[in-house]
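Here are the chains, one letter per residue:
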Amino acid sequence: MRVGIPRALSYYRYFLPWRTFFEALGAEVVVSPPTTRATLEAGLGYTVPEACLPLKIFCGQVRALVGQCDALFVPSIQRFAPESTNCAKLIGLPDMLQATMDDLPPLIAPDVDLSEGTRALWALAVQVGATFTFNPLLIREAALAAWDTYRQMRTDFRTGRITPADFASSRPIGLPAAQPSNSLTVAVVGHPYNLYDPFVNHNLLTRLARLGAEVLTPERLGPRPGVDYWTFEYELVGAARLAVEQAGVNGLIAVVAFGCGPDGVMLERVRESAAGAQIPTMILTLDEHSGEAGLVTRLEAFVDMLLWRKRRAGSVSGN
Amino acid sequence: MLEVFLGIDVGSVTTKIAAVDREGQLTASLYRRTEGRPIEVVQESLRQIQAILPTDVDVAGVGTTGSGRQLAAVVVGADLVKNEITAHAVAALHFVPDVHTVMDIGGQDSKLIILEDGIVVDFAMNSVCAAGTGSFLEQQAHRLNISIEELGRRAMRSRHPVRIAGRCTVFAESDMIHKQQMGHPVDDILYGLCQALVRNYLNNLALGKMLRPPVVFQGGVAANAGVVRAFAEALETEVIVPPQHEVMGALGAALLVRERMNGQPTRFRGFGAAEIEYRTSSFECRACPNRCEIAEIRVGREVVARWGGRCDRWEMA
């Protein structure tokens, strides 16, 4: 059985453990190709204009898998911790697909609610595994293997050896290295589907590296404190807090998709943390027609500003 | 022999050139429309500035800035390509060394730069919405059959400005028509328009930022006395408009390249660059579904620059 996983949204968080799980159960995993303009155009036909860019990309990625797989894996991620909730668009993904596309393969669309901890995780494994086998021991083994993959993935994130952009690649390249380095470190925070899809962010991470900055992302920074009501907002708020507390971070860039409600609310917290630590912050809003020229100008000016500050700080402490 | 550094600012609507001497003094400047053909206009501007400068002038360095900075750099042979934020900040500091706030409003975009002790600490840029820019004012002036210069003068005469919605050009326009049909004097509508632009600028760019004096206002729109007055009223402080406010980006680029060159030879192609025939063409790359539009610039048969791709396959500059 071929299980299709669209290269969008939660792919950038959990693809590796899910792949281990499905393959351990004897399935073949099919990933849609990297996002291009054609992906976006395919997605536009299935979304309302007001939907956020990541959702449009998601629909386009699903279109690339129609006819290429026997089942489509689209989890509905509800929450990870008590008292938190996920964005309604992300919770409703399977329903949205079924309401808009009539040529879909069968969906594997479990509700993922991890607020009850490990027990819920086992229940999830059994529920999804039942599509492939009735042997509970096999499911248990697959789940344990997936858990190992998940832990290894987190370790590799921390060392910078891989990023979610490498998930489907046999030769991981990790975070781009500053070339040549101007000894600046810029933390870039945001959801992984915004940070690791170079189509969506116009090669943001590589551009920063070419401007000489070392890039830190939430995955590299490690586990974030706090859940802050929105399940995934720790990628913004938690990572920003962690980044500004870390010595040697010269600037912070928050990347958000235009029209993202949770990000819009939480940006204020990001600004607060950065302002408290007196670290310059820039907010980059991504949209389907965001011009590249504007983005490049902003990045260059931001890096100039950080260098300027750094030189000034150096000369003051030198006196 | 006079040694100068040239700064060229190719904006979406206008092109500016500034020449500074070794001491950083502005010796000549030029301001003209880009007319949608940046290469020819840069070349013509080069000829014009050459005519203004002394004949024995020696160009020791060239810096470019503005949205057409890459293109201009190829055409003239530049030593430095700099973003507009840095260029504008450097120019403002040159005139007002203790400046805290730099506002720049050009034809298609607007910027806000916050400085602290002579360095940029924060900035914001608006390049998507044109409601707060010069093009908007120009369109509305045109609709009322008033020249852009006259708009500023007449707005200054207003005593009871009417409130115009400034969030979007479309709303502003229908609001203006409504006020005009209600019989409000044109002067009051015009000043209301200036206030709408200022409100839009402050709402879009100044969110959460402290705009402390000294405030410097530059860019083409700073020529409009009505907008200057509206800013001064909204910020409750004096708004300084530098004498060469419209060429500040070019001046910044010139000052930056002056700092950069330490006697190294310049890459400037010479004023003869105005006579080189640049040919441009474009094609759609079919290597992947992105179908990027690649622009190519040639001199004779030689490709001198190519860009526009999402990947590096074709890029060269």
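Residues numbered from 1 in each chain as written. Chains lettered and ligands numbered in written order. Predicted model: local features only at pLDDT ≥ 70, side-chain atom pairs only at ≥ 80, totals over all residues.

## Section: the overall build of chain B
Worth spelling out the cut-off: Numbering goes from the N terminus for both helices and strands, where a helix is a DSSP run of H or I of at least four residues and a strand is a run of E of at least two. A radius of gyration in this sense is built from C-alpha atoms; the matching globule rule multiplies 2.2 Å by the number of residues raised to 0.38. The exposure label follows from counting other C-beta atoms within 10 Å of a residue's C-beta, where the C-beta atoms are placed from the backbone and the thresholds are 20 or more for buried and 12 or fewer for exposed, leaving partly exposed in between. The contact rule is simple: place each C-beta atom from the backbone, and if two of them lie within 7 Å, those residues are in contact.
A tally of regular secondary structure across chain B gives 9 helices and 13 strands. At 21 Å, chain B has a C-alpha radius of gyration in line with the 20 Å of a compact globule built from 317 residues. Of all 317 residues assigned to chain B, the portion counted as buried reaches 47%. In chain B, 65% of the contacts between residues at least 6 apart in sequence involve partners at least 24 apart.

## Considering the domain arrangement of chain A
Residue and element names in this part refer to chain A. Selection rule: Domain start and stop points were drawn from an automatic or database domain assignment. Any residue outside Ala, Val, Leu, Ile, Met, Phe, Trp, Tyr, Cys, Pro, Asp, Glu, Lys and Arg is labelled polar, Gly included; the first ten of those are nonpolar and the last four are charged.
On domain assignment, one finds that chain A holds domain 1 (2–159) and domain 2 (175–318). Computed from C-alpha atoms alone, the centre-to-centre distance between domain 1 and domain 2 is 27 Å. Contacts between the two partners involve 22 residues from domain 1, matched on the other side by 23 residues from domain 2. Of all the secondary structure elements, the ones that give two or more residues to the side of domain 1 that touches domain 2 are helix 1 (11–24), helix 3 (53–65) and helix 7 (136–159). In terms of residue count, the dominant contributor to the side of domain 1 that touches domain 2 is helix 3 (4 residues). Counted by class, the side of domain 1 that touches domain 2 contains 12 nonpolar, 5 polar and 5 charged residues.

## With respect to the environment of V249 of chain A
All names here are of chain A. Mapping V249 onto the fold places it in the loop between helix 12 (237–245) and strand 9 (251–257). V249 sits in the buried class, given 20 other C-beta atoms within 10 Å. Those residues within four positions of V249 in sequence are excluded, and the remaining contacts are T185, A187, L216, A243, V244 and I279.

## Quick word on unusual backbone geometry
With an omega dihedral of -15°, the bond running from Q179 of chain A to P180 of chain A counts as a cis peptide bond. Secondary-structure assignment places P180 of chain A in the loop between helix 7 and strand 7 (184–189). Between P213 of chain B and P214 of chain B the backbone carries a cis peptide bond, its omega angle lying at -5°. Relative to the assigned elements, P214 of chain B resides in the loop between helix 7 (186–205) and strand 9 (215–218). Although it is not a glycine, D117 of chain B adopts a positive phi angle of roughly 50°.

## Examining the domain arrangement of chain B
All names here are of chain B. According to the domain assignment, chain B consists of domain 1 (3–87 + 250–274), domain 2 (97–241) and domain 3 (278–307). Here domain 1 and domain 2 have C-alpha centroids that lie 28 Å from each other. On the side of domain 2, 10 residues touch domain 1, which itself brings 6 residues to the contact. Across the side of domain 1 that touches domain 2, the residue classes tally to 2 nonpolar, 3 polar and 1 charged.

## A closer look at the nonpolar core
Note the cut-off: We define a nonpolar core as a collection of buried residues of the types Ala, Val, Leu, Ile, Met, Phe, Trp, Tyr and Cys that are connected via C-beta atoms lying within 7 Å of each other.
The biggest cluster of nonpolar side chains holds 187 residues, and the ones touching the most others in it are A240, A243 and L252 of chain A together with A254 of chain B. Per-element accounting of this core gives the leading share, 10 residues, to helix 7 of chain B. With near-sequence residues (within four places) excluded, L252 of chain A lies in contact with A187, V189, A240, A243, V244, A274, I279 and T281 of chain A.

## A closer look at the packing of helix 7 of chain B against helix 8 (residues 225–235) of chain B
All names here are of chain B. To keep it simple, the criterion reads: Geometry is summarised by axes, namely lines fitted to C-alpha atoms with helices restricted to the contacting stretch, and by angles between N-to-C directions that run from 0 to 180 degrees. Any angle from 65 to 115 degrees is called roughly perpendicular, while one under 35 is roughly parallel, one over 145 is roughly antiparallel, and all others are oblique. Left-handed describes a crossing whose near helix is turned anticlockwise from the far helix through less than a right angle; right-handed describes the clockwise counterpart.
Between helix 7 and helix 8, the shortest axis-to-axis distance is 9 Å and the interhelical angle comes to 55°. One way to sum up the angle between helix 7 and helix 8 is to call them oblique. As helix 7 packs across helix 8, the resulting crossing turns out to be right-handed. Within the contact between the two elements, helix 7 uses L190, Y191, C194, Q195, L197, V198 and L202 and helix 8 uses G226, V227, A230, F231 and A234. Here the contact of helix 7 with helix 8 is composed, by residue class, of 10 nonpolar, 2 polar and no charged.

## As for the confidence of the model for chain B
The condition is simple: On a scale of 0 to 100, pLDDT captures the predictor's confidence in every residue.
Averaged over every residue, the pLDDT of chain B is 89; residues scoring 70 or more account for 98%. ipTM for the predicted complex: 0.82, alongside a pTM of 0.87.

## Focus: the pairing of strand 8 (residues 213–216) of chain A
Residues and elements named next belong to chain A. Convention followed: Strand pairing follows a simple DSSP-based rule, namely that at least 2 bridges must link the two strands.
Burial of the side chains of strand 8 extends over both faces: A213 and V215 are buried on one face and E214 and L216 on the other. Bridging between strand 7 and strand 8 involves 4 bridges; their strand directions are parallel. Within strand 8, the residue paired with T185 across the bridge is E214.

## What about the sheet that holds strand 8 (residues 119–126) of chain B?
Residues and elements named next belong to chain B. Spatially, 5 strands are ordered 8-7-6-9-10 in an open sheet, and the strand pairing comes out mixed. In this open sheet, the two strands that pair with only one neighbour each are strand 8 and strand 10 (239–240). In this sheet, strand 10 lies alongside strand 9 in parallel orientation, the contact comprising 2 bridges. Paired with V216 across the strands is I240, a residue of strand 10.

## Observations regarding the sheet that holds strand 7 of chain A
Residues and elements named next belong to chain A. Taking strand neighbours across the sheet as the criterion, the 4 strands line up as 8-7-9-10 in an open arrangement whose pairing is parallel. At either end of the open sheet lies a strand with only one pairing partner, and these are strand 8 and strand 10 (281–286). Each strand of the sheet is rotated relative to its neighbour by a mean of 25°, with strand direction disregarded. Contacting strand 7, strand 9 and strand 10, helix 13 (residues 261–276) runs over the sheet at an angle of about 175° to strand 9.

## Some points on the environment of C311 of chain B
All names here are of chain B. By the element assignment, C311 lies in the segment after strand 13 (302–307). On the basis of neighbour counts, which here come to 14 C-beta atoms within 10 Å, the residue C311 falls in the partly exposed class. Expressed as a C-alpha distance, the spacing of C311 and K209, which sit 102 residues apart in the sequence, is 36 Å.

## Brief notes about the interface of chain A and chain B
Contacts between chain A and chain B engage 18 residues on the former and 18 residues on the latter. Of all the secondary structure elements, the ones that give two or more residues to the side of chain A that touches chain B are helix 2 (37–44) and helix 14 (292–318) of chain A. Broken down by element, the side of chain A that touches chain B gets its largest block of residues, 11 residues, from helix 14 of chain A. Taken together, the residues that form the side of chain A that touches chain B break down as 6 nonpolar, 5 polar and 7 charged.

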